[in-house]
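# Residue-level structural notes
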Amino acid sequence: MTTHVLVLCTHNSARSVLAEAMFNHWARKLGIDAQAHSAGAAPSGRVHPQAMAVLQAAGVDVSYLASKHMDAFAHADAPALRVVITVCDSAAAQPCPIWPGAPVRAHWSYPDPSAAELAEQPQRFELTRQAIAYRMHQLVQLPFHTLSDSALQTLVQQIGAS
(Lines give C-alpha, C1' and ligand atoms only; values in the text may rest on other atoms or scores of the structure.)
Protein backbone atom coordinates (compact mmCIF):
# COMPACT_ATOMS: atom_id res chain seq x y z
CA MET A 1 0.00 0.00 0.00
CA THR A 2 1.40 3.38 -1.02
CA THR A 3 2.38 5.74 1.79
CA HIS A 4 1.10 9.26 1.19
CA VAL A 5 2.74 12.42 2.56
CA LEU A 6 1.20 15.88 2.31
CA VAL A 7 3.36 19.01 2.44
CA LEU A 8 1.60 22.31 3.16
CA CYS A 9 2.62 25.91 2.63
CA THR A 10 0.29 28.89 2.42
CA HIS A 11 0.51 29.57 -1.34
CA ASN A 12 1.68 26.15 -2.54
CA SER A 13 4.02 27.71 -5.07
CA ALA A 14 7.57 27.20 -3.77
CA ARG A 15 8.62 25.30 -0.63
CA SER A 16 5.79 22.78 -0.52
CA VAL A 17 6.14 22.11 -4.25
CA LEU A 18 9.90 21.65 -3.89
CA ALA A 19 9.24 19.14 -1.11
CA GLU A 20 6.61 17.24 -3.10
CA ALA A 21 8.86 17.01 -6.14
CA MET A 22 11.98 16.00 -4.20
CA PHE A 23 10.17 13.34 -2.16
CA ASN A 24 8.65 11.84 -5.31
CA HIS A 25 12.00 12.04 -7.10
CA TRP A 26 13.70 10.05 -4.32
CA ALA A 27 10.82 7.56 -4.06
CA ARG A 28 11.02 6.78 -7.80
CA LYS A 29 14.81 6.66 -7.80
CA LEU A 30 14.94 4.33 -4.78
CA GLY A 31 11.95 2.19 -5.80
CA ILE A 32 9.94 3.07 -2.68
CA ASP A 33 6.15 2.83 -2.70
CA ALA A 34 5.46 6.32 -1.37
CA GLN A 35 4.06 9.50 -2.84
CA ALA A 36 4.09 13.12 -1.73
CA HIS A 37 1.48 15.73 -2.49
CA SER A 38 1.50 19.45 -1.78
CA ALA A 39 -1.20 22.00 -1.16
CA GLY A 40 -1.88 25.37 0.42
CA ALA A 41 -4.46 27.23 2.47
CA ALA A 42 -4.47 30.09 -0.06
CA PRO A 43 -2.90 28.60 -3.20
CA SER A 44 -1.46 31.05 -5.69
CA GLY A 45 -2.69 29.01 -8.63
CA ARG A 46 0.79 28.69 -10.10
CA VAL A 47 4.09 27.10 -9.23
CA HIS A 48 6.82 29.72 -8.91
CA PRO A 49 8.93 29.70 -12.12
CA GLN A 50 12.16 29.64 -10.11
CA ALA A 51 10.99 26.51 -8.25
CA MET A 52 10.38 24.85 -11.60
CA ALA A 53 13.79 25.99 -12.87
CA VAL A 54 15.81 24.59 -9.95
CA LEU A 55 13.92 21.30 -10.02
CA GLN A 56 14.46 20.90 -13.76
CA ALA A 57 18.16 21.77 -13.39
CA ALA A 58 18.40 18.98 -10.80
CA GLY A 59 16.82 16.49 -13.20
CA VAL A 60 13.52 16.29 -11.33
CA ASP A 61 10.22 15.69 -13.15
CA VAL A 62 8.00 18.78 -12.90
CA SER A 63 5.31 17.77 -15.38
CA TYR A 64 2.68 16.99 -12.75
CA LEU A 65 3.24 19.93 -10.37
CA ALA A 66 0.39 22.34 -9.72
CA SER A 67 -0.72 24.74 -7.00
CA LYS A 68 -3.80 23.39 -5.22
CA HIS A 69 -5.95 23.91 -2.13
CA MET A 70 -5.45 21.71 0.94
CA ASP A 71 -9.16 20.91 1.13
CA ALA A 72 -8.61 18.50 -1.77
CA PHE A 73 -6.90 16.18 0.74
CA ALA A 74 -9.44 16.49 3.57
CA HIS A 75 -12.17 14.39 1.93
CA ALA A 76 -12.87 10.74 2.61
CA ASP A 77 -11.99 9.83 -1.02
CA ALA A 78 -8.57 11.56 -0.85
CA PRO A 79 -5.41 9.47 -0.46
CA ALA A 80 -4.96 8.19 3.10
CA LEU A 81 -2.28 10.48 4.50
CA ARG A 82 0.36 9.04 6.82
CA VAL A 83 2.30 12.29 7.36
CA VAL A 84 1.39 15.99 7.03
CA ILE A 85 4.26 18.49 7.14
CA THR A 86 4.01 22.28 7.08
CA VAL A 87 7.05 24.05 5.66
CA CYS A 88 6.36 27.73 6.28
CA ASP A 89 5.56 29.55 9.49
CA SER A 90 2.31 31.08 8.27
CA ALA A 91 0.99 27.64 7.25
CA ALA A 92 1.94 26.23 10.66
CA ALA A 93 -0.15 28.91 12.35
CA GLN A 94 -3.23 28.42 10.15
CA PRO A 95 -6.04 26.09 11.11
CA CYS A 96 -5.90 22.87 9.12
CA PRO A 97 -8.73 20.50 8.34
CA ILE A 98 -9.13 17.35 10.35
CA TRP A 99 -7.32 14.86 8.16
CA PRO A 100 -8.96 11.45 7.75
CA GLY A 101 -6.90 8.82 9.55
CA ALA A 102 -5.20 11.34 11.92
CA PRO A 103 -1.77 11.37 10.20
CA VAL A 104 1.47 12.25 11.93
CA ARG A 105 2.02 16.03 11.80
CA ALA A 106 5.21 18.08 11.87
CA HIS A 107 6.48 21.55 11.07
CA TRP A 108 9.77 22.05 9.19
CA SER A 109 10.39 25.75 8.68
CA TYR A 110 12.22 27.09 5.64
CA PRO A 111 12.69 30.76 4.73
CA ASP A 112 10.66 31.83 1.71
CA PRO A 113 13.04 31.95 -1.28
CA SER A 114 10.58 34.07 -3.26
CA ALA A 115 10.96 36.84 -0.65
CA ALA A 116 14.57 37.38 -1.76
CA GLU A 117 15.55 40.14 -4.18
CA LEU A 118 14.97 39.04 -7.75
CA ALA A 119 18.70 38.74 -8.48
CA GLU A 120 19.17 36.49 -5.42
CA GLN A 121 16.22 34.19 -6.10
CA PRO A 122 18.00 31.58 -8.24
CA GLN A 123 20.52 30.92 -5.46
CA ARG A 124 17.90 31.05 -2.68
CA PHE A 125 15.64 28.61 -4.51
CA GLU A 126 18.53 26.22 -5.14
CA LEU A 127 19.67 26.34 -1.52
CA THR A 128 16.09 25.73 -0.37
CA ARG A 129 15.75 22.84 -2.83
CA GLN A 130 18.96 21.29 -1.48
CA ALA A 131 17.87 21.64 2.15
CA ILE A 132 14.46 20.17 1.41
CA ALA A 133 15.97 17.38 -0.71
CA TYR A 134 18.18 16.34 2.22
CA ARG A 135 15.20 15.92 4.55
CA MET A 136 13.00 14.32 1.91
CA HIS A 137 15.72 11.77 1.19
CA GLN A 138 15.70 10.82 4.88
CA LEU A 139 11.91 10.80 5.10
CA VAL A 140 11.28 8.64 2.04
CA GLN A 141 13.57 5.92 3.40
CA LEU A 142 11.67 5.45 6.67
CA PRO A 143 10.05 2.02 7.03
CA PHE A 144 6.54 3.53 7.15
CA HIS A 145 4.71 0.19 7.21
CA THR A 146 6.56 -1.09 10.26
CA LEU A 147 6.43 2.06 12.38
CA SER A 148 3.76 2.95 14.92
CA ASP A 149 2.45 6.51 14.73
CA SER A 150 4.39 7.49 17.84
CA ALA A 151 7.65 6.05 16.48
CA LEU A 152 7.03 7.74 13.12
CA GLN A 153 6.26 11.05 14.88
CA THR A 154 9.60 10.86 16.69
CA LEU A 155 11.53 10.13 13.51
CA VAL A 156 9.78 12.86 11.50
CA GLN A 157 10.57 15.34 14.28
CA GLN A 158 14.22 14.21 14.30
CA ILE A 159 14.49 14.68 10.54
CA GLY A 160 13.01 18.16 10.92
CA ALA A 161 15.67 19.01 13.49
CA SER A 162 18.52 17.81 11.23
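Above this text sits the structure in question.
Residues numbered from 1 in each chain as written. Predicted model: local features only at pLDDT ≥ 70, side-chain atom pairs only at ≥ 80, totals over all residues. Heavy atoms only, no water.

## Points about the overall build of the protein
The secondary structure content of the protein amounts to five helices and four strands. Counting from the amino terminus, helix and strand elements in the protein follow one another as β-α-β-α-β-α-β-α-α. For 162 residues, the compact-globule formula gives about 15 Å, and the C-alpha radius of gyration of the protein, at 15 Å, lands near that figure. Expressed along its principal axes, the backbone C-alpha trace of the protein runs to roughly 45 × 30 × 30 Å. Burial analysis of the protein (162 residues in total) assigns 49% to the buried set. (Helix = DSSP H or I, 4+ residues; strand = E, 2+ residues; numbered from the N terminus. Rg over C-alpha atoms; globule rule 2.2 N^0.38 Å. Buried < 20%, exposed > 50% of the residue type's maximum accessible area, 1.4 Å probe, protein only.)

## Focus on the pattern of salt bridges
Inspection of every chain in the model, using the stated rule, returns five salt bridges. In this structure, Lys68 and Glu20 form a salt bridge, with 3.8 Å as the shortest nitrogen-oxygen distance. Of this pair, Lys68 sits in the loop between α2 (49-57) and β3 (81-86) while Glu20 sits in helix α1 (residues 15-30), and the two are 48 residues apart along the sequence. The partner of Arg129 in a salt bridge is Glu126, with the nearest N and O atoms 2.8 Å apart. (Salt bridge = Lys/Arg side-chain N within 4 Å of Asp/Glu carboxyl O.)

## Some thoughts on helix α5 (residues 149-161)
Spanning 13 residues, α5 covers 18 Å between terminal C-alpha atoms, matching the ideal 18 Å at 1.5 Å per step. Turning to α5, its buried residues number three or more, namely Leu152, Val156, Ile159 and Gly160. Looking straight down α5, one finds its buried side chains confined to an arc of 100°; they lie on one side. Residues of α5 that are exposed and point more than 90 degrees away from the buried face comprise Ser150 and Ala161. If you follow the buried residues of α5, they end up packed against β3, β4 (104-107) and α4 (121-140). (Expected span 1.5 Å × (residues − 1). Arc of directions from axis to C-beta. Contact = heavy atoms within 4.5 Å.)

## As for the side chain of Asn12
Relative to the helices and strands, Asn12 is located in the loop between β1 (3-8) and α1. Side-chain polar atoms of Asn12 contact the side chain of Ser38, separated by 2.8 Å. In this structure the side chain of Asn12 is engaged in a polar contact, spanning 2.7 Å, whose partner is the backbone nitrogen of Lys68. (Polar contact = N/O pair within 3.5 Å; in protein donor to acceptor, adjacent residues only side chain to side chain.)

## Structural notes on the nonpolar core
Core analysis: the biggest nonpolar cluster contains 41 residues, and Ile85, Trp108, Met136, Leu139 and Val156 have the highest contact counts within it. Every element with two or more residues in this core is listed here: β1, α1, β2 (34-39), α2, β3, β4, α4 and α5. If one sorts the elements of this core by residue count, α1 sits on top with eight residues. Counting seven residues, the second-largest nonpolar core is a separate cluster that includes Leu6, Leu8, Ala39 and Phe73. (Core = buried A, V, L, I, M, F, W, Y, C linked by side-chain atoms within 4.5 Å.)

## Considerations on the sheet that holds β1
Within a sheet, neighbouring strands are paired by backbone hydrogen bonds and run either parallel or antiparallel to one another. The four strands are arranged β2-β1-β3-β4 in an open sheet whose pairing can be described as parallel. Of all the strands in the sheet, just β2 and β4 have a single pairing partner and so form its edges. The sheet shows a mean angle of 20° between the axes of neighbouring strands, direction not considered. Judged from the six bridges that link them, β1 and β2 form a sheet pairing that is parallel. If you follow His4 over to β2, its bridge partner there is Gln35. Against the sheet, α1 touches β1 and β2, its axis set at about 170° to β2. (Pairing = 2+ DSSP bridges. Axes fitted to C-alpha atoms, helices over the stretch in contact; angles between N-to-C directions.)

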